[in-house]
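The residues making up each chain are set out below.
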Amino acid sequence: MRESHYAVWMESPNAGELVTVASGGPELDGIVFDTPSRAKAVVAVVDPDRGPLFRTVHPRTLTERTTEGPDDRALRLLVRRTPSPVRAAARDGSTGGHGSPGHARGAMHRTTGK
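Residues numbered from 1 in each chain as written. Predicted model: local features only at pLDDT ≥ 70, side-chain atom pairs only at ≥ 80, totals over all residues. Heavy atoms only, no water.

Draft legend 1. Just the packing of aromatic side chains, in detail. Counted by the stated rule, this structure contains 1 aromatic pair. Centroid distance phenylalanine 33 to phenylalanine 54: 4.7 Å. Interplanar angle 45 degrees. Geometry classified as tilted. Linking phenylalanine 33 in strand β2 (residues 28-37) with phenylalanine 54 in strand β4 (residues 51-57), this pair joins segments that are 21 residues apart in sequence. Judged by relative accessible area, phenylalanine 33 falls into the buried class, the value being 15%. A relative accessible area of 29% places phenylalanine 54 in the partly exposed class. (Phe/Tyr/Trp six-rings, centres within 6.5 Å; stacked < 30°, edge-to-face > 60°. Helix = DSSP H or I, 4+ residues; strand = E, 2+ residues; numbered from the N terminus. Buried < 20%, exposed > 50% of the residue type's maximum accessible area, 1.4 Å probe, protein only.)

Draft legend 2. Focus on the sheet that holds β4. Ordered by their spatial adjacency, 5 strands build an open sheet running β4-β3-β2-β1-β5, and the pairing between neighbours is antiparallel. Looking along the sheet, the strands with just one partner apiece sit at the ends: β4 and β5 (62-64). Strand after strand, the sheet turns through a mean of 45 degrees between neighbouring axes, direction not considered. In this sheet, β5 lies alongside strand β1 (residues 18-21) in antiparallel orientation, the contact comprising 3 bridges. (Pairing = 2+ DSSP bridges. Axes fitted to C-alpha atoms, helices over the stretch in contact; angles between N-to-C directions.)

Draft legend 3. Region of the structure containing the pattern of salt bridges. Following the criterion strictly, the structure yields 4 salt bridges and no others. For aspartate 29, the salt bridge is made with arginine 65, and the minimal N-O distance between the two is 3.8 Å. Taken together, the positions of aspartate 29 in strand β2 and arginine 65 in the loop between β5 and α1 (72-81) put the pair 36 residues apart, joining distant regions of the chain. We classify aspartate 29 as partly exposed; its relative accessible area is 30%. The class for arginine 65 is buried, based on a relative accessible area of 10%. Among the ionic pairs, arginine 65 bridges to aspartate 72, the shortest N-O distance being 2.6 Å. (Salt bridge = Lys/Arg side-chain N within 4 Å of Asp/Glu carboxyl O.)

As structure tokens, this is what we get:
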């Protein structure tokens, strides 16, 4: 059996994995931040013009990498200072302390009887 010279796609990337993103432009080293669905992966990458940022890509554009890159320290700092994504708890119908339903605003200021 011949070995392929093409990169192997990742099955399902996990948060914190080192990846290479190949989505039409130059290949960028990245770190997986989140996989909200089977068709989306949020990856921390370093944009040459804007610096470290998050990019949402299709998991098929990701390939696993094993060696550390020069930008990995900046990417790890970005991932560390960003709050983890909220899951089903925000969508399960709970209001999360936003007051009672039907009351969009708080009470107005009441003047002292002049």
